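Structural overview
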Amino acid sequence: MLKFKNTDENKSCEINSDSAELHEVIKSLGLDGKKVIAAKFNGELSDLSRKVNTGGEVSAVTADSPEGLEIIRHSTAHLMAQAVLRLYPGSHFGVGPAIKDGFYYDIDASGAITEDDLPKIEAEMRKISGAGEKVTREDMAKSDALKFFADDPYKTELITEIDAPTVSVYKQGEYADLCRGPHVPDASKLHNFKLLSVAGAYWRGDEHNKMLTRIYGTAFASPDELKTYIKRLEEAKLRDHRKLGKDLDLFSLHEEGPGFPFFHPKGMAIMNTLIDFWRREHVKRGYTEIKTPQILDRELWIRSGHWDHYRENMYFTEIDEKPYAIKPMNCPGSILVYKTQLRSYRDLPMRLAELGCVHRHERSGVLHGLMRVRCFTQDDAHTYIEQSQIKDEVMRIMELDRYVYNDVFGFNYTVELSTRPNDSMGTDEQWNEAESALRDALESTNTPYTINPGDGAFYGPKIDFHLEDCLGRTWQCGTIQLDFQMPGRFGVTYIGEDGAEHTPVMLHRVVFGSIERFMGILIEHYAGAFPYWLAPVQVKIIPISDNHADYAAELHKLFMSWGVRSEVDYRGEKLGRKIRDSQLQKVPYMIVIGDKEKDSRSVGVRERSKGDLGSMSIDAFKELLGKEFNPIK
RNA sequence: GCCGGUGUGGCUCAGAGGUAGAGCAGCGCACUCGUAAUGCGCAGGUCAACAGUUCGAAUCUGUUCACCGGCUCCA
């Protein structure tokens, strides 16, 4: 006699046997239903077919729960693998996990698979699902599993590394996979899936290994959710900053300079506005600004450690037969500025900001619009402080980040603490001290964070800020890096209260990160409809006919005198056409002027999302603009 | 860098061995117009580059470059 209960539903049952399968238990508990795809036994996710011989807590896992969805996706990956095996016999399979928004499977396919083949594979999957192919689990001793997968190098490698005497194998028809599970009981539970793309992926994510074919797909509990997701992908495509950058005439990229973006007047209007904002905030917060050269003696980079740890990413040149390097970072330049005078503890913290344009050699395949480029502007600052000031200074920077990301741009963001990488300088003691200083700042501000082991800079650990964009993708923007190395290497000092020479600690930090990337993120975040304060054209004046051109010109001059970026559409087009074009350019305000406005010296105001606001006096319009959110007003 | 795909006027795309086409944008003319596309006309391309096959290549082959989807790497 076995006793089972479900606490959440306050149900219990008894089964008069010394063992039971979980699906029977779920039925006895009255928890069964169409959406049940797996079970939980004493908190452990399990197959419905799992046989238990003790009583316990049992609950049903449905397709629409987060755990259920993961199982659906994982099982769909298996379903896809079975279909691929049918169409490409002799294929071997790497790993095929569920991921955020879907799943993938890495396949060493017996023939080339391209995107054109996906419908064929999908059709095969539907065939298998329609036939209700059973999925069964079998536990095997490791040695048996090794025999079973003897002709599969990938599974063999995985099994060898599993630290347990037995492994589980899931079989469905001719396909079998090494897998922890759990899975759906049969393929008929899998309907709402779609294969999305094909890509190459290194076996185990290591570029020294063979490249496998990765097929990405997604699956959901309901057709509606799948449809919504596909729609979201389409929406994301419309927001792509590369497309909007072209449509809105913000920037361009050319074969003549891969990874080196060209900014057009409208793109520069946005960038300069961002920079205006940035300068104001930094002046308020006690920063001063410097500018250091693009090209510096190679010796400097050898001394800084970049030659040893960053050479692969640097560009080099020669001047008068002497070797030079194009700067990939701004820190050595900042240090040279610091060292031009003897500094006192009274000067600290010394906050030297720099909008530094850096060049980094990125591998050709990684370039991506403005998000990943070979030349970008860092909104950098190097802060020189005493050891005792670390926590305070880090907290000040975190507050600036919060203000910028959250209050001004409305981004959600997450924080990571990145620790010592393999290729790095300094002693363990220095690193431990630096890492705990950063941790201390995070903890005393109650900032939730995760640890990203081994991802620090070569000279110190860092706190990274990841912004979440409209697609839920995250982008690293801000970073705060603590550096105990460079000041020592360069003999950076200050005279302490005790009259003796000390070495300051250095903080490297950026807020936007790369202004180019930040713009890319903003373009997608706002779908090109920039808020009034950032919009490249804030007001478009639309005269209805030539008779109103003079008044339009007069208004244009007036608006510019207010500091408003304004343009006039003098084309001989009809009103509807001019409005349409301004709407497509996502201009925040359109000013329509005809006889009525000209005679009464008023303006007809149209707002891009609210539509026609009617006629109003020029003063009223000025007041309206004054109410717009504007952090640099 | 690696795997796969793509490259045709400013933009979006059609054409697949016989010498290049549409829509939009541009320019000209007419219309002088009230809140998301006025009409007519004109002009615009060594079909990414280089080499090869062929009587003939935008089309087939090779190489290179760039871009796109990923992997690795990263702000």
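We now turn to the structure provided with this report. All residue numbers here refer to positions counted from 1 along the written sequence of the relevant chain. The naming scheme follows written order: chains are lettered A onward, ligands numbered 1 onward. For this predicted model, a pLDDT threshold of at least 70 governs which residues receive local features, and a threshold of 80 or more governs which side-chain atom pairs are given and counted, while totals over whole chains, interfaces and linings are taken from all residues. Each side-chain value is derived from all of the structure's non-hydrogen atoms; neither hydrogens nor water enter the calculation.

Further remarks concern the overall build of chain A. Under the scheme used here, helices are H or I runs from DSSP no shorter than 4 residues and strands are E runs no shorter than 2 residues, and both carry numbers assigned from the N terminus. Scanning chain A for helices and strands turns up 19 helices and 35 strands. Projected onto its principal axes, the C-alpha coordinates of chain A cover approximately 90 × 75 × 55 Å. To be clear on the numbers: accessible area is Shrake-Rupley with a 1.4 Å probe, and residue cover counts the displayed protein chains and nothing else. Of the roughly 30000 Å² that chain A leaves accessible, carbon and sulfur atoms contribute 48%. With 82 positive and 98 negative side-chain charges, chain A shows a spacing of 4 Å between the two charge centroids. In this tally, Lys and Arg are treated as positive and Asp and Glu as negative; His is ignored, and so are the chain termini. In this description, the location of a charge corresponds to atom NZ of lysine, CZ of arginine, CG of aspartate or CD of glutamate.

A few words on the pattern of salt bridges. One side-chain nitrogen of Lys or Arg within 4 Å of one carboxyl oxygen of Asp or Glu is enough to make a salt bridge. One pass over the structure, following the stated rule, counts 41 salt bridges. The salt bridge partner of Glu 124 is Arg 86, with a shortest N-O separation of 2.9 Å. Linking Glu 124 in helix α3 (residues 118-130) with Arg 86 in helix α2 (residues 66-87), this pair joins segments that are 38 residues apart in sequence. Think of it in three bands: residues with accessible area under 20% of the maximum for their type are buried, residues over 50% are exposed, and the middle band is partly exposed, with areas taken using a 1.4 Å probe on protein chains only. Note on Glu 124: relative accessible area 9%, which makes it buried. Arg 363 is paired through a salt bridge with Glu 207; the nearest N and O atoms lie 3.1 Å apart. Here the residue Arg 363 occupies a position in the loop between β22 (350-359) and β23 (375-385), and Glu 207 occupies one in the loop between β14 (193-202) and β15 (211-219), the gap between them amounting to 156 residues. Linked by salt bridges that have partners in common, Arg 86, Glu 124, Lys 127, Glu 133 and Glu 174 make up one network.

This paragraph deals with the protein's contact with RNA strand B. To be near a molecule or strand, a residue needs just one of its heavy atoms within 4 Å of it. Near RNA strand B lie 53 residues; those nearest to it are Tyr 202, Met 211, Ser 364, Arg 372 and Arg 577. Near-protein atoms of RNA strand B (within 4 Å) split between backbone and bases, with sugar and phosphate holding 49%. In protein, a polar contact requires one atom able to donate a hydrogen and another able to accept it; more generally it is a pair of N or O atoms within 3.5 Å, and residues adjacent in sequence count only if both atoms are side-chain atoms. Here a phosphate oxygen of RNA strand B and a side-chain polar atom of Arg 242 are 2.7 Å apart. Within the contact set of RNA strand B, a sugar or linking oxygen lies 3.0 Å away from a side-chain nitrogen or oxygen of Arg 606. Sorting the residues of the surface near RNA strand B by element identifies β14, β15, α7 (241-247), β27 (474-483), α17 (575-584) and α18 (595-600) as the ones contributing at least two each. Among the elements that make up the surface near RNA strand B, the one with the highest residue count is α17 (seven residues). Among the residues making up the surface near RNA strand B, the classes are represented as 18 nonpolar, 14 polar and 21 charged. By the convention adopted, Pro, Cys, Tyr, Trp, Phe, Met, Ile, Leu, Val and Ala count as nonpolar, Lys, Arg, Asp and Glu as charged, and the other residues, Gly among them, as polar.

Leu 274, Phe 409, Ile 463 and Phe 518 are the most contacted members of the largest nonpolar core, which has 59 residues in total. At nine residues, the largest contribution of residues to this core is made by helix α12 (residues 390-408). Residues count as neighbours in contact if any of their non-hydrogen atoms are within 4.5 Å of one another. For Ile 463, the contacting residues outside a window of four places in its chain are Val 394, Met 398, Val 415, Glu 416, Leu 417, Leu 438, Leu 442, Gly 478, Thr 479 and Ile 480. Side-chain atoms within 4.5 Å link the members of a nonpolar core, which is a set of buried Ala, Val, Leu, Ile, Met, Phe, Trp, Tyr and Cys residues. In this structure, Ile 71, Ala 83, Met 125 and Ala 187 belong to the second largest nonpolar core, which totals 33 residues.

We now examine the side chain of Lys 462. Within the element layout of this structure, Lys 462 appears in strand β26 (residues 462-468). A relative accessible area of 11% places Lys 462 in the buried class. Not counting residues up to four positions away in its chain, the partners in contact with Lys 462 are Glu 416, Leu 417, Ser 418, Leu 438, Asp 455, Gly 456, Ala 457, Gln 476, Thr 479, Ile 480 and Gln 481.

This part is about α12. In this model, α12 (19 residues) spans 26 Å end to end at C-alpha, consistent with the 27 Å of a helix rising 1.5 Å per residue. All of the buried residues along α12 are Ile 390, Glu 393, Val 394, Ile 397, Met 398, Leu 400, Asp 401, Tyr 403, Val 404, Tyr 405 and Val 408. Directly beyond the C-terminal end of α12, a positive phi value near 70° is found at Gly 410. A helix's residues, less one, multiplied by 1.5 Å, set its expected span.

Time to look at the packing of aromatic side chains. Any two rings among Phe, Tyr and Trp, with Trp reduced to its six-membered ring, count as a pair given centres within 6.5 Å; such a pair is stacked if its planes are under 30 degrees apart, edge-to-face if over 60, and tilted if neither. Scanning all chains against the criterion turns up 26 aromatic pairs. An angle of 75° between the planes, with centres 6.0 Å apart, marks the rings of Tyr 532 and Tyr 589 as edge-to-face. Of the two residues, Tyr 532 sits in the loop between α15 (515-525) and β31 (539-543) while Tyr 589 sits in strand β33 (residues 589-593), which places them 57 residues apart along the sequence. Note on Tyr 532: relative accessible area 7%, which makes it buried. The exposure class of Tyr 589 is buried, given its relative accessible area of 2%. Clustering of aromatic rings is evident, with ring pairs tying together Phe 277, Tyr 403, Phe 409, Phe 411, Phe 512, Phe 518 and Trp 533. A ring is scored as having a charge over it whenever the NZ atom of a lysine or the CZ atom of an arginine sits within 6 Å of its centre and within 35 degrees of its normal. The ring of Trp 307 carries the charged tip of Arg 298 above its face, separated from the ring centre by 4.8 Å. One residue, Arg 343, lies across the ring of Tyr 338, its end atom 5.3 Å from the ring centre.

Time to look at the sheet that holds strand β19 (residues 295-297). Paired strands are those between which DSSP finds at least two bridges. In spatial order, the strands read β19-β21-β20; together these three strands make up an open sheet with antiparallel pairing. In this open sheet, the two strands that pair with only one neighbour each are β19 and β20 (316-319). Direction aside, neighbouring strands of the sheet carry axes that sit 40° apart on average. Judged from the four bridges that link them, β20 and strand β21 (residues 322-326) form a sheet pairing that is antiparallel. From the neighbouring strand, Thr 317 faces β21, where its bridge partner is Tyr 324. Here an axis means a line fitted to C-alpha atoms, over the contact stretch when the element is a helix, while the angle between two N-to-C directions is reported on a 0 to 180 degree scale.

Pairing of strand β1 (residues 2-6) with strand β2 (residues 11-15), which is carried by five bridges, proceeds in the antiparallel orientation. Paired with Phe 4 across the two strands is Cys 13, which belongs to β2. Linking β1 to β2, which pair antiparallel, is a turn of four residues; within it Asn 10 sits at a positive phi near 55°.

The next subject is the sheet that holds strand β13 (residues 175-178). Ordered in space as β11-β12-β13, the three strands form an open sheet in which the pairing is antiparallel. Edge positions in the sheet fall to β11 (136-141) and β13, since each of these pairs with one other strand and no more. Averaged over all adjacent pairs, the angle separating strand axes in this sheet is 30°, with direction ignored. Along the sheet face, α2 touches β12 (166-172) and β13 and points at about 135° away from the line of β13.

This part is about helix α8 (residues 265-284). With 20 residues, α8 extends 28 Å from end C-alpha to end C-alpha; this agrees with the ideal 28 Å at 1.5 Å per step. For α8, the set of buried residues is Lys 266, Gly 267, Ala 269, Ile 270, Met 271, Thr 273, Leu 274, Ile 275, Phe 277, Trp 278, Glu 281 and His 282.

Mapped onto the elements of the fold, Trp 533 is located in the loop between α15 and β31. On the basis of relative accessible area, Trp 533 is assigned to the buried category, the value being 2%. Along the backbone, Trp 533 and Pro 631 are 98 residues apart, and their C-alpha atoms lie at a distance of 7.8 Å.

Take the environment of Gly 460 next. Positionally, Gly 460 belongs in the loop between β25 (449-452) and β26. On the basis of relative accessible area, Gly 460 is assigned to the buried category, the value being 1%.

Direction vectors running N to C along α8 and α15 enclose 110°, while the axes themselves pass 11 Å from each other. In terms of orientation, α8 lies roughly perpendicular with respect to α15. In the packing of α8 onto α15, the handedness of the crossing is right-handed. Between α8 and α15, the residues in contact are Gly 267, Ile 270, Met 271, Leu 274 and Ile 275 and Ile 515, Glu 516, Phe 518, Met 519 and Leu 522, respectively. Split into classes, the residues belonging to the contact of α8 with α15 amount to eight nonpolar, one polar and one charged. With respect to orientation, any angle under 35 degrees is reported as roughly parallel, any angle over 145 as roughly antiparallel, any angle of 65 to 115 as roughly perpendicular, and every other angle as oblique. If you view the pair so one helix is near and one far, a crossing is left-handed when the near helix is turned anticlockwise from the far one by less than a right angle, and right-handed when it is turned clockwise.

By themselves, these observations are geometric and do not establish any function.
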